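This is what each chain is made of:
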Amino acid sequence: MRIYDIISHKRDNKALTDEEIRFFVSSYVKGEIEHYHAAALLMAIYLNGMNERETVTLTLEMAKSGDMLDLSGIDGITVDKHSTGGVGDKTTLIVAPIVASLGLKTAKMSGRGLGHTGGTIDKLESIPGFKTALSPEDFIRNVKEHDICVVGQTGDLAPADKMIYALRDATATVGSMPLIASSIMSKKLAAGASCIVLDVKTGSGAFMKTPEEAEELSRKMVDIGKRAGRRVAAVISDMDTPLGRNIGNSLEVIEAVEVLKGKGSADLKEVCLVLAGNIISLAESISYNEGYEKAKRQLEIGAAYEKFREFISAQGGSLKEIDNPELFPEAEFKHDVLCKKDGYITKMNAEKIGSSSVILGAGRVKKEDSIDHSAGIILHKKTGDIVKEGEALATLYTNRRETIASAEKLFLEALTVNIEKKEESPLIYKIIS
Ligand code: URA
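I will try to describe carefully the structure that is included in this document. (Residues numbered from 1 in each chain as written. Predicted model: local features only at pLDDT ≥ 70, side-chain atom pairs only at ≥ 80, totals over all residues. Heavy atoms only, no water.)

### A few points about the overall build of the chain
In terms of helices and strands, the chain carries 17 helices and 13 strands. Expressed as lengths along the three principal axes of its C-alpha atoms, the size of the chain is roughly 65 × 45 × 40 Å. In the chain, 78% of the contacts between residues at least 6 apart in sequence involve partners at least 24 apart. Surface summary for the chain: the accessible area is close to 17500 Å², and the carbon and sulfur share equals 50%. When the 56 positive and 63 negative side-chain charges of the chain are each reduced to one mean point, those points stand 1 Å apart. (Helix = DSSP H or I, 4+ residues; strand = E, 2+ residues; numbered from the N terminus. Contact = heavy atoms within 4.5 Å. Areas by Shrake-Rupley, 256 points an atom, 1.4 Å probe, with all protein chains shown as cover. Lys, Arg positive; Asp, Glu negative; His and termini not counted. Charge placed at Lys NZ, Arg CZ, Asp CG, Glu CD.)

Here's what the structure looks like:
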């Protein structure tokens with residue numbers, strides 16, 4: 001078999017055989033295929049797409065390209081969630097302890113933020129002492145003992161995805177539906193959980209800009225998961241406006257704790273309950289409504305908060321800051337962004353707001369950049385709110401005073417203020433299961 005022929009088949013819009021896909025993935029991981037050949041094939045896939053069979057085969061081959069975590073030694077049902085990424089998305093910090101407090105074995109590998117989006121691992125690392133790098137054995141032990149463990153990628157999971165993703169990033173081939181679906185699902189399958197809920201974001205701050213694109217991606221990923229023998233559901237949720245009010249690592253932990261204590265932003269709480277409700281429904285084979293009510297109760301009786309404390313402590317994190325959020329180190333500079341005119345906020349471009357928080361130090365532009373855990377933004381007003389000239393729209397937090405002017409400029413560019421109120425977009429578009 002020759003990679004040249006595989007490229008020409010896809011260039012001519014032919015479906016690749018399973019053998020061709022297998023050959024490509026395994027040879028590329030072994031270093032037997034040149035990057036320029038792989039790049040040409042990815043561009044042909046980008047332009048001509050893949051059918052369902054090809055996408056499933058590609059995903060399974062990528063999943064099998066490295067370690068496949070074996071969670072079979074864990075008694076009980078293993079669950080996982082995945083978000084396609086957004087701004088202010090701290091749902092894992094809330095959803096994971098809710099479902100773990102019901103005894104579901106929550107085994108989650110999370111990522112770091114990149115670009116305008118945040119990542120759970122960076123958020124958890126803002127808690128003093130919290131360890132995100134555990135061996136696969138410690139990961140499994142924590143799940144067994146505490147029902148919950150959240151770590152950065154452990155072991156050598158889906159190395160084909162790492163290589164292919166880096167190449168896509170450099171060759172303008174990231175935005176391809178079969179390539180995104182196989183990238184996400186290969187990692188989820190390799191991570192081993194039997195029930196997976198996908199939070200597919202849509203809107204200005206998301207990969208999928210329209211609900212239609214988000215639905216197509218969701219259906220592909222649910223289909224792949226089911227064919228691989230997992231129970232999978234996808235929730236299509238809004239990322240046109242940042243989720244909740246706090247953006248930035250320790251600021252987001254603080255907001256997650258507020259929700260876990262029964263307070264916090266209504267939009268954030270609702271998305272978390274929908275995600276948790278779906279996980280519980282899949283895992284316990286009950287209706288979604290029953291799952292949702294169970295999740296709500298775990299929040300209300302404080303069981304989710306207690307499980308969160310247990311989880312943080314089990315991974316070495318300090319509970320002093322969790323119980324007293326005012327003890328988290330605060331950024332040296334605080335700056336209120338003032339409103340320029342009266343009206344209603346009719347749009348907040350979540351990507352620009354995420355980029356504004358990156359400028360303040362909350363995220364990285366390059367993988368190796370260091371981040372400032374206390375930097376970020378607290379929103380005082382959100383889409384749909386009435387605003388008055390001179391009123392504080394948000395507070396910017398940073399330790400780098402020189403970033404404030406450009407972060408403020410970008411933040412203001414992200415906002416549209418109109419005399420007329422517009423209809424708000426829904427928080428949850430659809431659930432696909
Ligand atoms: N997240 C991933 O892990 N892969 C993609 O291709 C896109 C988003």
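### A look at the pattern of salt bridges
A pair can form between side chains of opposite charge whenever their charged atoms are brought close. For the structure on display, the rule yields 36 salt bridges. With a closest N to O distance of 3.1 Å, D147 and K307 form a salt bridge. Of this pair, D147 sits in the loop between helix 7 (136-146) and strand 3 (148-151) while K307 is found in helix 14 (residues 303-314), placing the two residues 160 residues apart along the sequence. Note on accessibility: D147 and K307 belong to one class, buried. Shared partners join several salt bridges into a network, and the residues in it are E19, R22, E61 and K64. (Salt bridge = Lys/Arg side-chain N within 4 Å of Asp/Glu carboxyl O. Buried < 20%, exposed > 50% of the residue type's maximum accessible area, 1.4 Å probe, protein only.)

### Considering empty space enclosed by the protein
Counting across every chain of the model gives three cavities of 30 Å³ or more. By volume, the largest cavity is sized at about 120 Å³. Around the largest cavity, the lining comprises 17 residues; the ones closest to its centre are T117, G118, E252, S357 and A362. Looking at the lining of the largest cavity, the elements with two or more residues in it are helix 6 (120-125), helix 11 (249-260) and helix 16 (350-360). Of the residues in the lining of the largest cavity, the class split is four nonpolar, 10 polar and three charged. Its volume calculated, the second largest cavity comes out at about 50 Å³. Partitioning the lining of the second largest cavity into residue classes produces five nonpolar, one polar and three charged. (1 Å grid on protein atoms, 1.4 Å probe; cavity = no way out; pocket = protein on both sides within 12 Å on 5 of 7 lines; lining within 4 Å. Points joined across faces, edges and corners; volume = space filled by probe spheres on them. Nonpolar A, V, L, I, M, F, W, Y, C, P; charged D, E, K, R; others polar.)

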